[in-house]
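# Reading the structure
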Amino acid sequence: MPVTILGIESSCDETSAAIMVDGVLRANVIAGQAVHEQYGGVVPELASRAHQANIVPVVEVALKKAGITLRDISAIAFTQGPGLLGALMVGTAYAKGLSLALGVPLIAVHHMQAHILAHFIEEPRPAFPFLCLTVSGGHTQIVQVKSPSDMHILGQTIDDAAGEAFDKCAKMLGLPYPGGPFIDSNAQLGDATKFQFGEPKIPGLDFSFSGFKTSVLYFLQAEMRKDPTFIERNVHDLSAAIQHGIVEILLRKLKRASQETGIKTIAIAGGVSANSGLRKQLQALGEKQGWSVHIPDFSYCTDNAAMIAMTGHFKYAAGDFVDLSVVPLARIPEL
Ligand code: KG4
Ligand code: ZN
């Protein structure tokens, strides 16, 4: 009997379902939520309602794409957290109900662990142990990954996440939400050396982005007082400089983590790993340092259920199941 995992992701503003059969991805369906755009950020209540409307059709499409029916499912893996509680509740309740109806085991997945294990969906897979820079809208961590179930956070942000820094700076430039991809596309037309912003002095392997963000804000306010068209005229160079600044902060700590641990297999994960500047600069740094660099395919950078099904596959093999008393958790500090 093949092991067929249904993965469910609903931690933020993407409703996603994936089917994995014996570790091979057969479908990965993602429904986004355009409703948040007009508010300049994810509105939790609207996210929950959209998940509620999307979850059944998204699973149906995933099953159809994979060419299977509900009866073929061996286990259901769902995102337990971290994320928006109301959003997580929809995926959790759906997974619990379906597991009860089908009489199949339930697997609770840590969203950040899943971002890292997305590297195992396709070749080439990183060899253990490796370091993973996990950069998303809510997290920025350097994780030492010893096995699919043994991960340890070496450093993390003490304030904003890298994705948040991208999004907040994008807002200052008048770009739509989420701003990360817009900074990225504008940066490709700009010169990163035209402007420079403050660098944090944080000891160890932790990160900080709040000082950087404030230095961008003060700079823009001062320039806009002199010339109200400043942002409009310089949006490409400003985007390039902001992107370069954030990427530099990330890579400096990643290099340090590699030096301290002696680990030279390096991966990136999470929404910000879709950033073209980060991908390019990491590749270049990796060549210089003699690293084996693992950069995920774009489709597995931002939130998706393929990574939840992948994690479910590992947990199924380990017999790591939960019962129906499981509840979603907005925060889970450890991996
Ligand atoms: O992992 P993710 O989809 O959701 C969370 O778990 O948070 O990450 C979303 C974050 C957002 O802040 C978004 O702006 C950022 O990833 N992001 C990017 C890019 N694509 C997505 N940031 C910079 N450049 C990109 N190309
Ligand atoms: Zn995520």
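Before reading on, note that the structure itself is shown above.
So, here's what we can say about the structure. All values reported here derive from a predicted model rather than from experimental measurement.

### A word on the pairing of strand β9 (residues 265–269)
- Within β9, five of the five residues are buried, which leaves the element mostly enclosed by the surrounding structure.
- Judged from the four bridges that link them, strand β6 (residues 130–135) and β9 form a sheet pairing that is parallel. The residue of β9 that forms the bridge with Cys132 is Ala267.
- Pairing geometry for β9 and strand β10 (residues 292–294), over three bridges, is parallel.

### Section: the pattern of salt bridges
- Inspection of the entire model under this criterion finds twelve salt bridges.
- A salt bridge links Glu45 to Arg49; the shortest N-O distance between them is 2.8 Å. Of this pair, Glu45 and Arg49 are both found in helix α1 (residues 44–66), four residues apart, which corresponds to roughly one turn of the helix.
- Judged by relative accessible area, which is 45%, Glu45 ranks as partly exposed.
- Residue Arg49 is classed as exposed on the basis of its relative accessible area of 52%.
- Among the charged side chains, a salt-bridge network with shared partners connects Asp160, Glu164, Lys168 and Lys213.

### Concerning the pairing of strand β3 (residues 24–31)
- As paired strands, strand β2 (residues 15–21) and β3 are joined by seven bridges and run antiparallel to one another. Bridge assignment links Val21 to a residue of β3, and that residue is Val24.
- The hairpin turn running from β2 into β3, its antiparallel successor, is two residues long, and Asp22 in that turn takes a positive phi close to 50°.

Cut-offs used in this document
- As a convention, each chain's residues are numbered from 1 in the sequence order in which they are written.
- All chains are assigned letters beginning with A, and all ligands numbers beginning with 1, in the order in which they are written.
- pLDDT decides what is reported in this predicted model: residues at 70 or higher carry local features, side-chain atom pairs at 80 or more are listed and counted, and totals for whole chains, interfaces and linings draw on all residues regardless.
- The basis for the side-chain values is all heavy atoms of the structure; hydrogens and waters are excluded.
- Exposure classes here rest on a 1.4 Å probe applied to the protein chains alone. A residue is buried below 20% of its type maximum, exposed above 50%, and partly exposed in between.
- Think of it this way: any DSSP run of H or I at least four residues long counts as a helix, any run of E at least two long counts as a strand, and we number them from the N terminus.
- Strands are labelled as partners when DSSP assigns at least two bridges between them.
- Whenever a carboxyl oxygen of Asp or Glu lies within 4 Å of a side-chain nitrogen of Lys or Arg, that contact is scored as a salt bridge.

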